[in-house]
Amino acid sequence: MTESRLQATNVSISYEEHLAVSGVDVAIPDGKITTIIGPNGCGKSTLLKAMARIKRPSGGAVVLDGQEIHHFPTQVVAKRLGLLSQQAVVPAGVTVADLVARGRYPHQGFMQTPTAKDREMVEEAMRLAGVTDLRDRPIDQLSGGQRQRAWIAMVLAQETSILLLDEPTTYLDMAHQLQVVELVHRLNAGENRTIVLVLHDINEAARISHHIVAMKDGQVIAQGTPEEILKPELIEDLYGVACDVYPSPVHGHPYCVPRGRAEVSAEGVAAAESIFEVDGLQTGYGKISVIHGMTCQMPVGAITAIVGPNACGKSTLLRTCGRLLRPGSGQIRLSGKNVHSGKHKELSRNLALMAQSPSIPSGFAVEDLIATGRMPHQGFFKQWRAEDETAVEAALNHCDLCDLRYRAVETLSGGQRQRAWFGMTLAQDTPVLLLDEPTTFLDLAAQIEMMDLVREMNRTQQRSVVMVLHDLNLAARYCDYLIVMKDGEVVSSGTPRAVITPELLRDVFEIEGSVMRDPATGVPVVVPERTLESLDQGLQEIA
């Protein structure tokens, strides 16, 4: 029988009257990597919070080391297991080093100053997470990927034998995703740590896991090895998306290629007439320059993806296109007009922006959030109209939010919340959409649904779409044109088939990987192998 220090026994968990987890039995294998997968709202993160003693079950029990977890004092639990939460927040001005040092609190007494061991563990955690060079930067000034790595470092500094990581690769580019995967593997193989992950990327789950727990509608429907779980029939039952599953050409693990309803072509489009023209753009944050003299174009009537490693300036470019940042020099033109001139309301009738990690006041209902997308179409004497109601209802339907319309936004799962923000953008009803990481926190089905919807709007309504994506495979499948950035500059642009090559993976993303052709569509499919850093370390060990 498999040894297990951490178990959920007949666990049920409720949020007010909503039953999120129902009668779940899971025994986490000691010294193994377990990944929980399933669609948005199925209870993955809720179960993880219960295992971390953050959420008390309404029925059943979570058992740690033979005792019900709530019988332990908080500090005792915090010395045995560490939790990386989804969408954690931190006060403005807190630096990376300050945040990571908080991971040592369980090891310190009241009013105790940090010891040499504490300082050593903070430095090692920052090194492992790759944030040493960011130590003095405020958290609120970091990119999404940099911020995620800082939170990972804090959990590592906690120095626990059990790690619970909720979407640890969210916001990370391919190289940093691989670094996290390699780090998790090292912590498990080298230090025998027990690790529990929640992941939306089932290909990551297949690669890294010894054990997979599949959840749907608050219940566990299957458990087993990746080879036992990741089969086309079970994946379709779990997510409602048809998939082809092939052996990975790199590792031999199951590799899933989903099939959406939108027509996919490997051809893409070449840049012709431009919706956006970026001319000599220089911009950044305060004294920090992020984009340096950039010039590029984005085709009208196309879906353009801006891709590149973390902190290369992708979101900065998108925010400047949306007039949230002002250029230090240079200019961005929208349909030939300077995007930073004219009235804000006029711009917001032509351009809608879905930002990364937006915040909202507590108690705001989903329907109310989506209705704010109609504000640009209203005036002092021109209030709510039938066409506003129609736009809101259409957005609720498109984003599958009708059943959640009266729920407070803060009570939603990460994926449900992301769909609500996208619904607000749709309700704005503009010819141009700017989307910053629109598939973040979305499960496989919701990613495909959202990208299918974006492509459908593009093809039937001729909306021009510019989005930031970390997932190169989604970009290759759905986008007509790619702009590849590194260090604040454009290093390549063109159709996905022309741009995505093994050389690009190495030169821009600093990873080794294969580029296959999808047998059904001819679209490039990227299969990451390892980071160049790990490859260099391996060569040094051989030498």
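Predicted model only: the values in this text are computed from it and were never measured.

Conventions and cut-offs
- Residues numbered from 1 in each chain as written.
- Predicted model: local features only at pLDDT ≥ 70, side-chain atom pairs only at ≥ 80, totals over all residues.
- Heavy atoms only, no water.
- Helix = DSSP H or I, 4+ residues; strand = E, 2+ residues; numbered from the N terminus.
- Rg over C-alpha atoms; globule rule 2.2 N^0.38 Å.
- Contact = heavy atoms within 4.5 Å.
- Areas by Shrake-Rupley, 256 points an atom, 1.4 Å probe, with all protein chains shown as cover.
- Axes fitted to C-alpha atoms, helices over the stretch in contact; angles between N-to-C directions.
- Parallel < 35°, antiparallel > 145°, perpendicular 65-115°, else oblique.
- Nonpolar A, V, L, I, M, F, W, Y, C, P; charged D, E, K, R; others polar.
- Core = buried A, V, L, I, M, F, W, Y, C linked by side-chain atoms within 4.5 Å.
- Buried < 20%, exposed > 50% of the residue type's maximum accessible area, 1.4 Å probe, protein only.
- Pairing = 2+ DSSP bridges.
- Polar contact = N/O pair within 3.5 Å; in protein donor to acceptor, adjacent residues only side chain to side chain.

(A) Quick peek at the overall build of the protein. Looking only at helices and strands, the protein has 19 helices and 24 strands in total. The C-alpha radius of gyration of the protein comes to 23 Å, within 12% of the 24 Å expected for a compact globule of 543 residues. Counting only C-alpha atoms and orienting by the principal axes, one finds that the protein spans roughly 65 × 60 × 55 Å. Across the protein, every contact between residues at least 6 apart in sequence was considered, and the portion connecting residues at least 24 apart equals 67%. Accessible surface, the protein as shown: approximately 23,100 Å² in total, 50% of it carbon and sulfur.

(B) Structural view of the packing of helix H14 (residues 414-427) against helix H15 (residues 444-461). Contact pair H14 / H15: the axes reach a minimum separation of 12 Å and the direction vectors enclose 10°. By the angle between their axes, H14 is roughly parallel relative to H15. Listed contacts from H15 to Arg419, Phe422 and Leu426 of H14 are Ala446, Met450, Leu453, Val454 and Met457. For the contact of H14 with H15, the per-class residue count stands at 7 nonpolar, no polar and 1 charged.

(C) Seen up close, the nonpolar core. Counting residues in hydrophobic clusters, the biggest one holds 107 residues, and the most contacted among them are Ile37, Val96, Tyr239, Phe422 and Met467. A total of 9 residues in this core trace back to one element, the largest contributor, which is H15. Other than its neighbours up to four places away in sequence, Tyr239 contacts Ile37, Gly38, Pro39, Ile202, Asp443, Leu444 and Ala445. Counting residues in hydrophobic clusters, the runner-up holds 28 residues, among them Ala8, Ile13, Leu48 and Val62.

(D) Examining the sheet that holds strand E10 (residues 219-224) more closely. Overall, mixed pairing links the 6 strands, which are arranged E6-E7-E8-E3-E9-E10 in an open sheet. The open sheet terminates on both sides in strands that have one partner only, identified here as strand E6 (81-84) and E10. Put simply, the sheet's adjacent strands are angled 15° from each other on average, direction ignored. Of the pairings in the sheet, the one linking E6 to strand E7 (residues 162-166) comprises 4 bridges and is parallel in character. Counted as the bridge partner of Leu84 is Leu165 from E7.

(E) Structural context of the environment of Glu228. Of note, Glu228 is situated in helix H8 (residues 226-229). Distance from Glu228 to His211, taken between C-alpha atoms, is 9.6 Å for residues 17 residues apart in sequence. A polar side-chain atom of Glu228 sits 2.9 Å from the main-chain amide nitrogen of Thr225.

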